[in-house]
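Summary of structural features
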Protein chains: 2
Amino acid sequence: MAEKSIKKRANLRDVAKAAGVSVATVSRVLNTPELVTVSTRETVQAAIEALHFVPSAAARSINSGRSHVIGALVPTLDNAIFSKFLGALETKLGEYGLSLVVATTDSDPDIEAQKAQRLVNIGAEALIVSGISHSPDFDSLISRTRMPTVATSFYDPSYRYPTIGYDNAAASRKALEFLIGKGHQHIAVFHGPTDHHDRMRARLSGLHGQGVLHSFETDITLEGAGMAINALFETSPHVTAILCLSDVLALGALFGLQRRNVQIPHQMALMGVDDLPSSASAFPSISTIHLPAAEMGARTAEAVANWVEHQSEPEPFLIDTSLIAREST
Amino acid sequence: MAEKSIKKRANLRDVAKAAGVSVATVSRVLNTPELVTVSTRETVQAAIEALHFVPSAAARSINSGRSHVIGALVPTLDNAIFSKFLGALETKLGEYGLSLVVATTDSDPDIEAQKAQRLVNIGAEALIVSGISHSPDFDSLISRTRMPTVATSFYDPSYRYPTIGYDNAAASRKALEFLIGKGHQHIAVFHGPTDHHDRMRARLSGLHGQGVLHSFETDITLEGAGMAINALFETSPHVTAILCLSDVLALGALFGLQRRNVQIPHQMALMGVDDLPSSASAFPSISTIHLPAAEMGARTAEAVANWVEHQSEPEPFLIDTSLIAREST
DNA sequence: AGACCTTGTGAAACTAGTTACATTGTTGAT
DNA sequence: ATCAACAATGTAACTAGTTTCACAAGGTCT
């Protein structure tokens, strides 16, 4: 029979023994093969094949001090805006040879702190979070570990971590001013929960003192928007425009209005914030504020890669937003 | 001045020295504190705080042989069906103390093999892939590393890795038979690219020899569906029902039909496969085949967790699909 | 009072790699 | 012929934890 097949996994020493060379030579074959004679290299390669040797990632990173893993904490994967961001982030990190660990927080700061700890435990080299409201536990973890940390989706140059994101208040204000400019006097605002949700809060705060607003808080889901539409028609019949602080809500509102046979934009104008693909394709297409989530992902990846590779902490970066007028207004 | 602040990061030996105990004692304080006297425990804790000591993940996993990281390879994050799956997967893995590394493949087997190698390099304990078409490089990597691997979205008990997924052919057939049962004679099929895309291929193959079909291949995006609608009206005017092999296409088709002022379902019936939230909320709501992506995520997480914790390879598992009749048919 | 057991702690040997330094052998120049 | 230079390889000391085993101190039982 063959060698003891009970044995778990071959290591460098096993390969060295099998090939009749030292561990150093095997290590060289793996990392700097040009320093090894072709003949010994082949012997070693053969031993590697024969023993199904795969170098241990842990042992490698204990020496290099690198894990090549970046952790990202996002509220949810159910909103396309985060998927888009993460997709771009993963792709760009990949170009730097970095892998992305995703953790969802359900917008709960305690879960975030807990998952951040887990990311530290698995050896993440840097963390990426959404927004600027985090629990004290989270902050203390970051300060203890001195972990490179970037906050996204929110631009605030005075924040304790570098931010790469939008001016959320300005984005929603831009949308509101556009609607006001179109002559709307009674505007409803659909928004998601604001506790622990700084971006939503900032977007709402951008609307203060501007025109007559009726605001409706609901879950950021299509059904949530449907319920908000129902609430709107029960309480505020003379509203002529709806500003949704998320395109998910805008699409849900579109469906809700269509179901009530309300003509868009004639009887009701509709506007979102995010610019998801659905807003461009919908009929009627939905006006929105374009948030370049993919660009934010790519820039965040670059910032983080630079930080972990060259210890250069990134500068805060403001991502531009732009208004896209479509058929719904 | 304080201690040399140049020093990178405190390790166990530093803490032991500072606390005046042995490294073994510090290790015990971290892992089995009940074995350590309260007084020494406190001394050690104080030293840990003072030195900002954070145990090295790499050193830990070199001993335990565990990284607590699972790798998932998905085609894209841009399709909600994968986000939903990954969200459930991440949540359930979290319950087992496992973290999820996400890698996107863009449906390219070569990129998949390359990213799989990277996941191995960072020490992933298991891999999760979509579908059953993978490159030889990928298969050779799996066989060399003997890495636990689960294939999802596709049920095939004879496949070389355990599969946890749907019977895609049966799902689409179910939809088609439903449409035929409604009296439709000329049915168009919208589907995504079939090369490297076994699920789409399987769904298409499920339709063979059933009624008069006109098939349109396009990108699985809302715009792709819009283009397919245009192609449909140019080439096949007497079609009375569209079967979209993805709900993304169905929603895009809905918008495209609305734009052409085609009444749904009177002038054109519409049906999808996936059951994304948009299909339930759309107006009219879209009939579809419900694919429980979240359930698949949770089951996959359980299977993988069991595999890595107890070395028990999971049995293939068929996830049931069900037809949901809505307003669009 | 001596044997026995429990508890707390430390020394050193593990885990699996990388790498600085030492050694050997060959070639080329003086 | 001799010595320097260099290429190829080995030895052993690192990286940062965990864990086994040994040992000392204190308490209990006969």
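**Things to note about the overall build of chain A**
Across its full length, chain A holds 13 helices and 12 strands. Against the compact-globule benchmark of 20 Å for 329 residues, chain A has a radius of gyration of 26 Å, which places it well outside the compact range. For chain A, the C-alpha atoms occupy an extent of roughly 85 × 40 × 35 Å along the three principal directions. Counting across all 329 residues of chain A, residues that qualify as buried make up 55%. Summing over all exposed atoms, chain A offers an accessible surface of approximately 14,100 Å²; the carbon and sulfur share of this is 51%. Put simply, chain A has 27 plus and 34 minus side-chain charges, and the middle of one group is 8 Å from the middle of the other.

**Comments concerning the protein's contact with DNA strand C**
If you check the shell around DNA strand C, you find 25 residues, and the closest are A:L12, A:R13, A:S27, B:T25 and B:R28. Of all DNA strand C atoms lying within 4 Å of any protein atom, the proportion belonging to sugar or phosphate reaches 58%. A:S56 is positioned such that a nitrogen or oxygen atom in its backbone is 3.0 Å from a phosphate oxygen of DNA strand C. A distance of 3.0 Å is found between a phosphate oxygen of DNA strand C and a backbone nitrogen or oxygen belonging to B:S22. Secondary-structure elements contributing two or more residues to the surface near DNA strand C are helix 1 (12-19), helix 2 (23-31) and helix 4 (57-64) of chain A together with helix 2 (23-31) and helix 4 (57-64) of chain B.

**So, the packing of aromatic side chains**
All names here are of chain A. Using the criterion set out here, one finds 7 aromatic pairs over all chains in the structure. With 5.4 Å between their ring centres and 90° between their planes, Y159 and Y161 make a pair best called edge-to-face. Here the two residues Y159 and Y161 agree in accessibility, since each one is buried.

**Remarks on the confidence of the model for chain A**
With 97% of its residues at a pLDDT of 70 or more, chain A shows a mean pLDDT of 94. Note that residues 1-6 of chain A has pLDDT below 50 and, in this model, 0 contacts with residues that lie over four places away or in other chains.

**Considering the relation of the copies chain A and chain B**
What relates the pair of chain copies is a rotation about an axis plus a shift along that axis. Under the fitted operation, chain A is carried onto chain B by 0.0 Å of movement along the axis and a turn of 180°, and the coordinates agree to an RMSD of 0.1 Å. Such a combination of turn and shift is consistent with a two-fold rotation axis. The share of interface residues of chain A whose copies in chain B are also at the interface is 100%, consistent with both copies meeting through the same surface.

**Brief notes about helix 5 (residues 80-95) of chain B**
All names here are of chain B. Counted at 1.5 Å a residue, the expected span for helix 5 with its 16 residues is 22 Å, and the 23 Å between its end C-alpha atoms agrees. Counted residue by residue, helix 5 has 12 buried out of 16 residues, so it is predominantly covered. Backbone geometry just after helix 5 places G97 at a positive phi near 75°.

**Describing the protein's contact with DNA strand D**
Looking at DNA strand D, there are 26 residues lining it, with A:T25, A:R28, B:L12, B:R13 and B:S27 nearest. Considering the 4 Å shell around the protein, atoms of DNA strand D inside it are sugar or phosphate in 57% of instances. Within the contact set of DNA strand D, a phosphate oxygen lies 3.1 Å away from a side-chain nitrogen or oxygen of B:R60. Only helix 2 and helix 4 of chain A together with helix 1 (12-19), helix 2 and helix 4 of chain B provide two or more residues apiece to the surface near DNA strand D. Residue composition of the surface near DNA strand D, by class: 11 nonpolar, 11 polar and 4 charged.

**Quick look at the domain arrangement of chain A**
Residue and element names in this part refer to chain A. The assigned domain composition of chain A is domain 1 (12-55), domain 2 (68-166 + 293-320) and domain 3 (168-290). Using C-alpha coordinates to define each centre, domain 2 is positioned 28 Å away from domain 3. Around 1,100 Å² of area is buried between domain 2 and domain 3 when both sides are counted, 53% of it from carbon and sulfur atoms. Between the two partners, domain 2 and domain 3, sit 0 salt bridges. Linking domain 2 with domain 3 are 5 residue pairs in polar contact (both at pLDDT 80 or more), by the criterion used here. Here the side of domain 2 that touches domain 3 gets 4 residues from one element, more than from any other, and that element is helix 5 (residues 80-95). Here the side of domain 2 that touches domain 3 is built from residues that sort into 8 nonpolar, 6 polar and 2 charged.

**Some thoughts on the pairing of strand 8 (residues 241-244) of chain A**
All names here are of chain A. Side-chain alternation along strand 8 places A241 and L243 on one buried face and I242 and C244 on a second face that is also buried. Bridge analysis of strand 6 (residues 186-191) against strand 8 gives 4 bridges, and the strand direction is parallel. Note on strand 8: the bridge partner recorded for A188 is I242. The parallel pair strand 8 and strand 9 (residues 269-274), bridged by helix 11 (residues 247-259), forms a crossover whose chirality is right-handed.

**Thoughts on the environment of B:S328**
Residues and elements named next belong to chain B. Among the structural elements, S328 can be located in the segment after strand 12 (322-324). Separated by 68 residues in the primary sequence, S328 and R260 place their C-alpha atoms 16 Å from one another. Here L270 takes part through its backbone oxygen, which lies 2.5 Å from a polar atom of the side chain of S328.

**Topic: the packing of helix 5 of chain A against helix 13 (residues 293-310) of chain A**
Residue and element names in this part refer to chain A. At a closest axis distance of 7 Å, the pairing of helix 5 and helix 13 adopts a crossing angle of 35°. For the pair helix 5 and helix 13, the sense of crossing is right-handed. The segment helix 5 lies against helix 13, with I81, K84, F85, A88, L89, K92 and L93 engaging A293, A294, M296, G297, A298, T300, A301 and E302. Among the residues making up the contact of helix 5 with helix 13, the classes are represented as 10 nonpolar, 2 polar and 3 charged.

**Points about the sheet that holds strand 4 (residues 149-152) of chain A**
Reading across the sheet, the 12 strands line up as 11(A)-5(A)-4(A)-3(A)-1(A)-2(A)-2(B)-1(B)-3(B)-4(B)-5(B)-11(B) and stay open at both edges, with mixed pairing between neighbours. Pairing within the sheet leaves two strands with one partner each, and these edge strands are strand 11 (317-318) of chain A together with strand 11 (317-318) of chain B.

Parameters at a glance
Residues numbered from 1 in each chain as written. Chains lettered and ligands numbered in written order. Predicted model: local features only at pLDDT ≥ 70, side-chain atom pairs only at ≥ 80, totals over all residues. Heavy atoms only, no water. Helix = DSSP H or I, 4+ residues; strand = E, 2+ residues; numbered from the N terminus. Rg over C-alpha atoms; globule rule 2.2 N^0.38 Å. Buried < 20%, exposed > 50% of the residue type's maximum accessible area, 1.4 Å probe, protein only. Areas by Shrake-Rupley, 256 points an atom, 1.4 Å probe, with all protein chains shown as cover. Lys, Arg positive; Asp, Glu negative; His and termini not counted. Charge placed at Lys NZ, Arg CZ, Asp CG, Glu CD. Near = heavy atom within 4 Å. Polar contact = N/O pair within 3.5 Å; in protein donor to acceptor, adjacent residues only side chain to side chain. Phe/Tyr/Trp six-rings, centres within 6.5 Å; stacked < 30°, edge-to-face > 60°. pLDDT = per-residue confidence, 0-100. Contact = heavy atoms within 4.5 Å. Least-squares fit on C-alpha atoms with pLDDT ≥ 70 in both. Expected span 1.5 Å × (residues − 1). Nonpolar A, V, L, I, M, F, W, Y, C, P; charged D, E, K, R; others polar. Domains from an automatic or database assignment. Buried area = accessible area lost by both parts, 1.4 Å probe. Salt bridge = Lys/Arg side-chain N within 4 Å of Asp/Glu carboxyl O. Pairing = 2+ DSSP bridges. Right-handed = clockwise from strand over helix to strand, strands pointing away. Axes fitted to C-alpha atoms, helices over the stretch in contact; angles between N-to-C directions. Left-handed = near helix turned anticlockwise from the far one by under 90°.

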